[in-house]
Amino acid sequence: MPMAERYSALVPAAGGGSRLGAVVPKQYLELAGDCMLHRTLDALSAEPRLSDILVVLSPTDTRRPPAGRFDRRVRFAAVGGATRADSVAAGLEQLDANDSDWVLVHDAARPGLSAAVLARLIDAVGDDAVGGLLALPVADTVKRADAAGRVVATVDRESLWAAQTPQMFRAGILRRALAGDHTGITDEASAVERLGLQPLLVRGEPGNFKVTLAEDLQLAAALRLGREDR
Ligand code: CTP
Ligand code: MG
């Protein structure tokens, strides 16, 4: 009988948070009495099907999350690279995953992932040949701008989705997708698409937004993201 597939989470947390502009990388900023990284790891730890949760930190990051605070499945590797894709590729090498095992890549900067939506992703993608990602249909009318900030065109939003994470792929496909040059790769799905494959879109949730700017942090705090009592 073949071995059951394993599910691992890989959390890129090696960015500097330049757009947020704080003195520390944003994953270490306080959010509702805890640090954002803890909130994100708690959200992942709620899923019993994850057998391990690997956090990729930057080798130049002198902060280290305090030991003992985490679920026993959480481990850290200071192997992050210059881009998010570099960090994910380096983290993949640290995972003891067979080609058919699943890897769920989830941004450290998305503390608002709910257990229900994480479970929905795994349920929807667990039998898929390719893999998939959380995403939301674009609700606003979309404009294309020129360099002067004037509208060039209104883009048909009918088939547009905004990608979130986790993005869930088999380790073998992900390794292949990230083996070459990472130029232009902003998420795992775009790398998998380059292989000619079509990831499955699974409906995410608005609260699973990425904390990018200072105002996103305020919103996350106001929503008490990651708090079980919210
Ligand atoms: N990330 C990473 N390694 C990098 C760049 C980003 O692991 N070289 C991680 C970030 O820590 C974050 C996630 O990828 O959890 C999403 O990236 P982003 O929101 O762009 O975070 P930062 O790169 O830290 O922020 P900024 O782009 O504003 O500097
Ligand atoms: Mg970045």
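All values reported here derive from a predicted model rather than from experimental measurement.

A. Broad picture of the side chain of arginine 73. Turning to its location among the elements, arginine 73 is positioned in the loop between β4 (50–56) and β5 (74–77). You can call arginine 73 buried: its relative accessible area is 13%. Every residue in contact with arginine 73, bar those within four places of it in the chain, is listed here: Ser45, Glu47, Pro48, Leu50, Ser51, Asp52 and Ile53.

B. Structural detail: the site of ligand 1. Near ligand 1 lie 19 residues; those nearest to it are Ser18, Arg19, Lys26, Ser87 and Lys210. At a separation of 2.6 Å, an oxygen atom of ligand 1 approaches a polar side-chain atom of serine 18. Within the contact set of ligand 1, a nitrogen atom lies 3.3 Å away from a backbone nitrogen or oxygen of threonine 83. When isolated, ligand 1 has an accessible area of 560 Å², and the protein chains bury 88% of it. Split into classes, the residues belonging to the shell around ligand 1 amount to six nonpolar, eight polar and five charged.

Criteria and thresholds
- Residues numbered from 1 in each chain as written.
- Chains lettered and ligands numbered in written order.
- Predicted model: local features only at pLDDT ≥ 70, side-chain atom pairs only at ≥ 80, totals over all residues.
- Heavy atoms only, no water.
- Helix = DSSP H or I, 4+ residues; strand = E, 2+ residues; numbered from the N terminus.
- Buried < 20%, exposed > 50% of the residue type's maximum accessible area, 1.4 Å probe, protein only.
- Contact = heavy atoms within 4.5 Å.
- Near = heavy atom within 4 Å.
- Polar contact = N/O pair within 3.5 Å; in protein donor to acceptor, adjacent residues only side chain to side chain.
- Areas by Shrake-Rupley, 256 points an atom, 1.4 Å probe, with all protein chains shown as cover.
- Nonpolar A, V, L, I, M, F, W, Y, C, P; charged D, E, K, R; others polar.

None of the figures reported here should be taken as evidence of function without further support.
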